[in-house]
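Examining the three-dimensional arrangement
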Amino acid sequence: MNIKGIQTQSQLSKIIRDIFSFDLRSLALFRIGLALVIIADLIIRFQDIEAHYSDYGLLPRTALINEFLKPWYWSVHLLSGQPFVQQLLFIVALFFALLLLIGYRTRLATIASWLMVISLHNRNPALIFAGDDTLRAILFWAMFLPLGASYSIDSALNTSIKPLPKQVISGATVGFILQLCYIYMFSAWFKHQSPIWSEEGSAVYYALSFEQYATQFGQFLLSLKPLLPTMNFGALWFEWLGALLLFVPWKNYFFRGVAIVAFISLHISFGLSFTIGTFPALCIAAWLAFIPSQVWDWLEKKTYNKERAGLKINYDRDCGFCKKIVHFLRTFLILPGTPLLVAQENPDIYADMEKYNSWVVEDWQGKRYFKWQGITYVVSVSPILWWFAPILRIKPLMAIGNKIYETIANNRRLAGKFTAPFKYTSLEVKPGLTFNLITLAIVALVTLWNLTSFANSYIFHQSPTTTSQIVRRVTHSKTAQRVSWIGELTRLDQSWSIFAPNPPRDDGWHIIVGNLKDGSQVDVLRDTKNIIWDKPTIEERNKLYQNMQWRTYFINLNRNIGKKLYPYYGKYLCQQWNNSHQASQQLDDITIYFMSERTVPLGEKQTIEKINHWQQSCL
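Rules and cut-offs
Residues numbered from 1 in each chain as written. Predicted model: local features only at pLDDT ≥ 70, side-chain atom pairs only at ≥ 80, totals over all residues. Heavy atoms only, no water. Patch = residues over 30% accessible without salt bridge, like charges linked within 9 Å, V, L, I, M, F, W, Y side chains within 5 Å. Areas by Shrake-Rupley, 256 points an atom, 1.4 Å probe, with all protein chains shown as cover. Salt bridge = Lys/Arg side-chain N within 4 Å of Asp/Glu carboxyl O. Helix = DSSP H or I, 4+ residues; strand = E, 2+ residues; numbered from the N terminus. Buried < 20%, exposed > 50% of the residue type's maximum accessible area, 1.4 Å probe, protein only. Axes fitted to C-alpha atoms, helices over the stretch in contact; angles between N-to-C directions. Parallel < 35°, antiparallel > 145°, perpendicular 65-115°, else oblique. Contact = heavy atoms within 4.5 Å. Core = buried A, V, L, I, M, F, W, Y, C linked by side-chain atoms within 4.5 Å. Pairing = 2+ DSSP bridges. Left-handed = near helix turned anticlockwise from the far one by under 90°. Nonpolar A, V, L, I, M, F, W, Y, C, P; charged D, E, K, R; others polar. Disulfide = S-S within 2.5 Å.

**Topic: a nonpolar patch on the surface**
Together, Trp386, Trp387, Phe388, Ile391, Ile394, Leu397, Ile400, Ile404 and Ile408 line one region of the surface with nonpolar side chains, adding up to about 810 Å² of accessible area. In terms of residue count, the dominant contributor to the nonpolar patch is helix H22 (residues 395-409) (four residues). Looking at where phenylalanine 388 falls in the secondary structure, it is placed in the loop between helix H20 (371-380) and helix H21 (389-392). A residue is classified by how much of its surface remains accessible, and phenylalanine 388, at 32% relative accessible area, is partly exposed.

As structure tokens, then:
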């Protein structure tokens, strides 16, 4: 090969690396954000364990298995219908999410979190919306990424003498990038088939008019009627083209930065405009993974100073607890390169350690700090927590801190039991050929399943083209059918029809009228004898739908799946009411009405239709 050919190959290799590599520090930040989203989601769902995940709730296990669960769907939450068992499973899921947050046995924690999320989602499909599908997809690819290689306990206790690379590129990084692109681009593809998105420019009007997702800010945007078409076409084309910024080969770090800022801004606007749970936070966390190395290097250079350069931490060699703690502090206070020295190797330092019964922290001028004062100084030079040091120096806190430090110092063996579970391990980031081939094969399957979801949509058949016929032949081939079970088993069977092909128009609200044994009527949802048929305000909706799961459930009651849900929902309502009321105040029967306010085109008069959806005896 001639020199020119070698140079071309080298340039191509650099372009591929720039596009498909991730900085390990960015992946660590993504890990933290992802774990916080999972934890928040679990805490929110925990409040409704009995209603949503037990046999005493909206969907008993027998109903799920007989009417809703697909053949390859599975759930460990089906082990028991008792609320206590469900609580234990939530605690297990929370435990793994916390491990993911701190980055201990990170890959195992990520795999376990992914499995627990799938299990939870499969337990009650009536609660699932686009944000849940996104979480499963992102968590899947997170399993194959080195999320624990930086800012983690795994990295703090790394025994490998080989330095970790700054960046990683693998089949998994390719898969993660394409997965994120598919979320936006397939959503745009679905939308583009609809005239209200691609021609009329009225889709944003319909989306903001869907009051079951409404926010005050969204209603404000809805009042800006002349700007709605601009928002419509802007959102559509940004979903088409925005993700392509990641693939610009020239100054890729700059265009990555533009994409990160743009998409994070987009999701902040979504979060302000619609009540869609943790979905915006999840997507923001995903985009943090793309922060270029140049940003981290600039921040490190900007925050590096003589105080950080001169910091030294001396610890007791005979105290295993002490050694681990100083490694944790260096890692989580973002103080890479800070020397961690054995006090016994320096007679002068060792004498001070014995005298004060303390670790010895040295600053850039050689001044020494002990006990809690040492902690406050180390925190003061941290580029992320320096602002917390003045709080730690408050006299009462100093006194308490020194007392805690002395208690631990005098009971080091006992303290060591708390850090004993954290083991030193060798950490390497070097994806092998087999790993890359497997992940790239999964990329191909994910691409196939996305094409399948599009080929199966009703709008795909309204205007058949040569391309659509080819797509349909591929997605409905025998080979594609043979591997479809993998998508169901892993829950990578995805479809990104978010507000697509059209935003929902079946707006309205539920009124549940209960007839009591004493002959009076009550509003079962509001627990009042005053039945209010008027449209609820945003504040009233937020009280009725306390989280995204309830909001999604009530939306699904008005969809095709609602026909299967109503018998179990009716039974649940009767049980809940009669268990909390006595004798004549118990329910004889209930009637569920839906006040249908189907969104009409801009300028037309809005109508409301009262529909009797379900009647059920409570006897």
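**Topic: the packing of helix H2 (residues 24-46) against helix H16 (residues 293-303)**
Direction vectors running N to C along H2 and H16 enclose 95°, while the axes themselves pass 8 Å from each other. Viewed along their axes, H2 and H16 adopt a mutual orientation that is roughly perpendicular. Judged by residue contacts, Arg25, Ser26 and Leu29 of H2 engage Ser293, Trp296, Asp297 and Glu300 from H16.

**Some points on unusual backbone geometry**
At the junction of alanine 500 and proline 501, the peptide bond is cis and its omega measures out at -5° in the coordinates. With respect to the helices, strands and loops of the structure, proline 501 is situated in the loop between helix H27 (484-490) and strand E7 (508-516). Although it is not a glycine, asparagine 357 sits at a positive phi angle of roughly 50°. Positive phi is not limited to glycine here, since arginine 491 has a value of about 60°.

**Points about the nonpolar core**
Ranked by internal contacts, the top residues of the largest apolar core, which has 134 residues, are Leu34, Phe176, Trp287, Phe290 and Tyr569. Take this core: its biggest share by element is eleven residues, from helix H9 (residues 171-192). The residues touching tyrosine 569, leaving out its near neighbours within four places in the chain, are Leu58, Ile512, Leu525, Tyr553, Phe554, Leu557 and Ile592. Listed in part, the 21 residues of the second largest apolar core include Val379, Ala389, Leu392 and Tyr405.

**Focus on the side chain of aspartate 352**
Looking at the secondary structure, you find aspartate 352 in helix H19 (residues 347-356). In this structure aspartate 352 touches Asn357, Val360, Arg368 and Phe370, once residues within four positions along its chain are discounted.

**Digging into the pairing of strand E9 (residues 587-596)**
Across the ten residues that make up E9, a large majority, eight, are buried. Judged from the nine bridges that link them, E7 and E9 form a sheet pairing that is antiparallel. Each residue of the ladder has a partner; that of histidine 510, found in E9, is phenylalanine 594. Inspection of the sheet shows E9 paired to strand E10 (residues 609-617) by eight bridges, in the antiparallel sense. From the neighbouring strand, phenylalanine 594 faces E10, where its bridge partner is isoleucine 611.

**Side note on the packing of helix H5 (residues 83-102) against helix H6 (residues 106-123)**
H6 packs onto H5 with a crossing angle of 145° between their chain directions and a minimal axis gap of 8 Å. In this structure, H5 crosses over H6, and the sense of that crossing is left-handed. Side by side, H5 and H6 meet where Leu89, Phe90, Val92, Ala93, Phe96, Ala97, Leu99 and Leu100 of the first sit next to Thr106, Ala109, Thr110, Ala112, Ser113, Met116 and Leu120 of the second. Split by residue class, the contact of H5 with H6 holds twelve nonpolar, three polar and no charged.

**Some details on the sheet that holds strand E6 (residues 368-370)**
The four strands are arranged E4-E3-E5-E6 in an open sheet whose pairing can be described as mixed. Of all the strands in the sheet, the pair left with one neighbour each is strand E4 (340-342) and E6. Neighbour-to-neighbour, the strand axes of the sheet open up by a mean angle of 30°, direction not taken into account. Of the pairings in the sheet, the one linking strand E3 (residues 312-315) to E4 comprises three bridges and is parallel in character. Bridge pairing in E4 links isoleucine 313 to leucine 340. Along the sheet, H20 contacts E3, strand E5 (360-362) and E6; its crossing angle with E6, the most-contacted strand, is approximately 120°.

**Focus: the pattern of salt bridges**
Evaluation of the coordinates by the stated rule reveals 22 salt bridges. Note that arginine 25 is salt-bridged to aspartate 23, the shortest N-O span being 2.8 Å. The pair arginine 25 / aspartate 23 is uniform in exposure class, with both members buried. Residue glutamate 406 is joined to lysine 371 by a salt bridge in which the shortest nitrogen-to-oxygen separation is 3.1 Å. Of this pair, glutamate 406 sits in helix H22 while lysine 371 sits in helix H20; the two residues are 35 residues apart in sequence, bridging distant segments of the chain. Through salt bridges with shared partners, a single network forms among Asp23, Arg25, Lys166, Asp297 and Glu300.

**What about the sheet that holds strand E8 (residues 521-523)?**
The antiparallel open sheet is built from four strands, whose spatial order is E8-E7-E9-E10. Bordering the open sheet on either side are E8 and E10, each of which pairs with just one other strand. Averaged over all pairs of adjacent strands, the angle between their axes in this sheet comes to 25°, without regard to strand direction. Against the sheet, helix H30 (residues 562-579) touches E7, E8, E9 and E10, its axis set at about 130° to E9.

**Some details on the environment of leucine 27**
For leucine 27, the position within the fold is in helix H2. Its relative accessible area of 0% is what places leucine 27 among the buried residues. In this structure, the C-alpha to C-alpha distance between leucine 27 and proline 146, residues 119 residues apart in sequence, is 7.3 Å. When residues no more than four places from it in sequence are discounted, the contact partners of leucine 27 are Phe22, Leu145, Pro146, Leu147, Val168 and Ala289.

**Description of the state of the cysteines**
Summed over all chains, the structure comprises two disulfides. Two residues, cysteine 319 and cysteine 322, share a disulfide whose sulfurs are 2.2 Å apart. Looking along the S-S bond of the cysteine 319-cysteine 322 disulfide, the torsion reads about 75°, which is the right-handed sense. The class of cysteine 319 is buried, set by a relative accessible area of 4%. What pairs with cysteine 574 in a disulfide is cysteine 618, and their sulfur atoms sit 1.9 Å apart. Since a negative S-S torsion denotes a left-handed disulfide, the cysteine 574-cysteine 618 link at about -55° is left-handed. On the criterion of sequence distance, the pair formed by cysteine 574 in helix H30 and cysteine 618 in the segment after E10 is long-range, its members being 44 residues apart. For cysteine 574, a relative accessible area of 5% corresponds to the buried category. Among the residues examined, cysteine 618 registers a relative accessible area of 14% and is labelled buried.

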